[in-house]
Every structure is written in structure tokens, then in C-alpha cells.
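Below are the chains, spelled out letter by letter.
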Amino acid sequence: MKTAALLVNLGSPDSTEVKDVKKYLDEFLMDKRVIDYPFLFRALLVRGIILNTRPRKSAEAYKSIWWDEGSPLIVLTKRLQKKVQNGTSLPVEIAMRYGNPSISSSLKKLIESNSDLKKVYVLPLYPHYAMSSFETVVEKVKEEAAVICPGVELDFQDPFYNDEDYINILAESIRPSLQEPFNKVLFSYHGVPERHILKGDVTGCHCLKTENCCSTPSPAHAQCYRHQCFETTRLVAEKLGLTTDQYSVSFQSRLGRDPWLTPFTDATLEEYGKSGMEKLIVVCPAFVSDCLETLEEIQVEGAEEFIAAGGKSIDVVDCLNDRDDWSALLSKWIEE
């Protein structure tokens, strides 16, 4: 084959052992696009502080959601790969930005099994642009390919946060939860520091600096995670016929004391619980595969916070995972 596809997801520790979790967190948090401080300060923060305290707690969290087959994210991505492969004639491999299978090993596998390879179509499995997700995948693939297969062309799938087919599939994944009476749909996205939004602003004067910046047209939106999250929410809500008082947006998984995107998911869940909501629906569109942030942070911790505050029932919508319509869309993009 002259063309192949590479699906790239976030990644996971190899096991729930503290040493494997520590190794994974080191690779993840030392990424200059995740914690974008100068190397020495980043190393002091991550290796001097975080990795001395967090791995054990994170290992316990992973243990609570780990499947018999392994990491849910890895297992689900492999299942997705099989379905996508069945829908296209081109070779399809998967890779993880952090952990295994690594981007380098997957590129080598494609080269070894396709001697005439001329192009790799790379699909970062992130709907939205963020320097700590989509951008770091793109740059890492470029870096590895320059060494492993310098003559192979790379073609990257753009963020698909507003793609009509993707929006339709995301809406359909939520629709069954709306069949029973509910109070609110909460769209919970992974958080990022505000400084990441400012760094991605190509105009230097729009994001978080002008009134209603996310709804005011601007070239900055091409790389604005916040705008793209709000746009995904708006389009899905429109598709589902939700009124503005039936849904809201929040951001989860903040780290450190710097300003992060608000409102925070944990505070929102507590607020909704205190209001005595009978049923809250939560969807996490920043993730296409269920992982620690959805299975433990939202389905376990988030649900406990909501109910402890006075809420009655919470329904967390599964990520797209290996849905037939989602895998068919990825196969379609590869074929096209």
C-alpha cells in the first residue's frame, strides 16, 4: 500500500502499578505543550514535586476503572481500530501520544508492512484544537517521522469539532438519555490553562480579551479550544432541540493554581446538586474514548459530589468509543 492511516489517542499507563503510572505521568507532564514552563522549572515541578506524591493516588484511581483486558482507553481504541479497518482497504494502525503503542513503534510497523508507503494520514483523536492535545500529537508525529520515514508524506486530519457528520453522531449518542425527564445536560470538557488560549491566539488581541470573544468571528478560532468547545455544544444542542436553559458547559481536570477555563465541573456538579436536581445528564465531548477522566473523575467522583450535595440522579453518556457510526465515519475520512 502507498497510503496508510494512523489513529492517535492520548495513552495510558501499561498497568496500575505505581512505577508504570509514574513513568506515564513523567512522559505526559514533561511534555512542553502540556506544562508549558521552561524545562528546568517544569522538571522541578514534575519530578521534584508531582511525581513524589501523585503516582500512588493516580494508581488507585486507575485500579478502580481498569478492565480485565487492560486500560479501557487502550482496549476501546483497539476495538475502534478493528472496525475502522473493516471499513477501509488501507492499512490502519493506532498509537498513543504517551505510553504504548508509541508513535515511533506504530510508524515503524507501517513502514515494515508496507514497503511502498508514500503517505500516512494521521487522525489525532481529539475533536478540538489545543496545544496540549491536538498540537502535541501533530508535532510528535512529525518529529518521529523525520527520523523513521523522512520520505513519507504526512497528512493530518483537522480538528472536527464542527464537522456535520461528527455532530450528528455525538447528538445521537446523547439522544437516548433524553427520553426520560431531565433537568439539564452538562457538557464537561477537559480544562486547559487560560495561558494556553492566549498563546494560541494568532491575532494576539482577541481570545479572553474582547467581549463575547468565542461568539465573535475571528481567525483566532482556528486554534481556540474554548471557542471550539462552545461551538460543539451549540451545534449538538441545536441538533437535539435543546433550549439554552436545558444545557450548560463546564471544564474539568484542572492542575495547579494558575487560572484555568471556568466554570469548573466539580463546582458546577455541587451547585446543581444543592439545587436538588432530579436528573442531570453529563456528556464529555473532549474525549472520544472513555478513560480515567470520564470513568473515574465523572462517573465516580463527579456522581458522588452531585448526589452528596443533594442531587438525585446523574446519567453519564458513554464516549463514542467504538460505535458503528463513529468507526464508519473514520473509515470514510480515510477512504476520502
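Everything below is about the structure printed above this text.
Here is what the cut-offs are and how they apply
- Every chain begins its residue count from 1, and numbering advances along the sequence as written.
- It should be noted that, the model being predicted, local features are given only for residues of pLDDT at least 70 and side-chain atom pairs only at 80 or more, the latter also being counted only at that level, while totals for whole chains, interfaces and linings use all residues.
- For side-chain calculations, the full set of non-hydrogen atoms in the structure is used, while hydrogens and water are omitted.
- Paired strands are those between which DSSP finds at least two bridges.
- Counting from the N terminus, the helices are the DSSP runs of H or I reaching at least four residues and the strands are the DSSP runs of E reaching at least two.
- Axis lines are fitted to C-alpha atoms, over the contacting stretch for helices. Their N-to-C directions set the angle, which ranges from 0 to 180 degrees.
- These descriptions rest on fixed angle ranges, namely under 35 degrees for roughly parallel, over 145 for roughly antiparallel, 65 to 115 for roughly perpendicular, and the rest for oblique.
- By definition, turning the near helix anticlockwise from the far helix through less than a right angle yields a left-handed crossing, and turning it clockwise yields a right-handed one.
- Any two residues whose heavy atoms approach within 4.5 Å at even a single point are treated as in contact.
- In this count, Pro and Cys sit with the nonpolar residues alongside Ala, Val, Leu, Ile, Met, Phe, Trp and Tyr, while Asp, Glu, Lys and Arg are called charged and the others, Gly among them, polar.
- The rule for a salt bridge is simple: a side-chain nitrogen of Lys or Arg has to be within 4 Å of a carboxyl oxygen of Asp or Glu.
- Relative accessibility under 20% of the residue-type maximum defines a buried residue, over 50% an exposed one, and the middle range a partly exposed one, all with a 1.4 Å probe and only protein chains included.
- Aromatic rings from Phe, Tyr and Trp, taking only the six-membered ring of Trp, are treated as a pair when their centres fall within 6.5 Å; an angle between ring planes under 30 degrees marks them as stacked, one over 60 as edge-to-face, and anything in between as tilted.
- Here, a charge over a ring means that NZ of Lys or CZ of Arg falls within 6 Å of the ring centre while also lying within 35 degrees of the ring normal.

Enquirer: Whenever I open this one, the sheet that holds strand E1 (residues 3-12) confuses me. Can you help?
Expert: Strand pairing in a sheet takes place through backbone hydrogen bonds and is either antiparallel or parallel in direction. If you trace the four strands from one edge of the open sheet to the other, you get E2-E1-E3-E4, paired in parallel fashion. For this open sheet the edge positions go to strand E2 (92-99) and strand E4 (153-156), each flanked by a neighbour on one side alone. Between one strand axis and the next, the sheet turns through 30° on average, direction left out of account. Across seven bridges, the pairing between E1 and E2 is parallel. Counterpart to Val 8 in the pairing with E2 is Ala 95.

Enquirer: Just checking my understanding: could you explain the packing of helix H4 (residues 72-86) against helix H13 (residues 324-335) for this structure?
Expert: A pair of packed helices can be characterised by two numbers: the angle between their axes and the separation between those axes. The interhelical angle for the contact between H4 and H13, taken along N-to-C directions, is 55°, at an axis separation of 8 Å. As far as their axial angle goes, H13 and H4 are oblique. Here H4 and H13 pass one another in a crossing that is right-handed. Contacts between H4 and H13 pair Leu 80, Lys 83 and Val 84 from the former with Asp 324, Trp 326, Ser 327, Leu 330, Ser 331 and Ile 334 from the latter. When grouped by side-chain class, the residues that make up the contact of H4 with H13 number five nonpolar, two polar and two charged.

Enquirer: Help me out: how do you make sense of the pattern of salt bridges in this one?
Expert: Opposite charge on two side chains permits pairing when their charged atoms draw close. The full count for this structure, using the stated rule, is 22 salt bridges. Between Arg 175 and Glu 172 there is a salt bridge, with its nearest N and O atoms 3.0 Å apart. For Glu 172, a relative accessible area of 38% corresponds to the partly exposed category. One network of salt bridges, in which partners are shared, links Asp 36, Arg 195, Lys 199 and Asp 258.

Enquirer: Help me understand the packing of aromatic side chains in this model?
Expert: Aromatic rings in a pair are described by how distant their centres are and how their planes are angled relative to each other. A complete count under the given rule lists 13 aromatic pairs for this structure. Geometrically, the ring pair formed by Tyr 62 and Trp 66 is edge-to-face, given 6.1 Å between the ring centres and 80° between the ring planes. Given a relative accessible area of 8%, Tyr 62 falls into the buried group. Aromatic side chains Phe 187 and Tyr 247 sit 6.2 Å apart centroid to centroid with 85° between the ring planes, which places their arrangement in the edge-to-face category. Remark: Tyr 247 occurs in strand E6 (residues 247-252) and Phe 187 occurs in strand E5 (residues 184-190); sequence separation between them is 60 residues. The pair formed by Phe 187 and Tyr 247 is uniform in burial state, with each residue classed as buried. Over the aromatic face of Phe 264 sits the side chain of Arg 254, whose NZ or CZ is 3.8 Å from the ring centroid.

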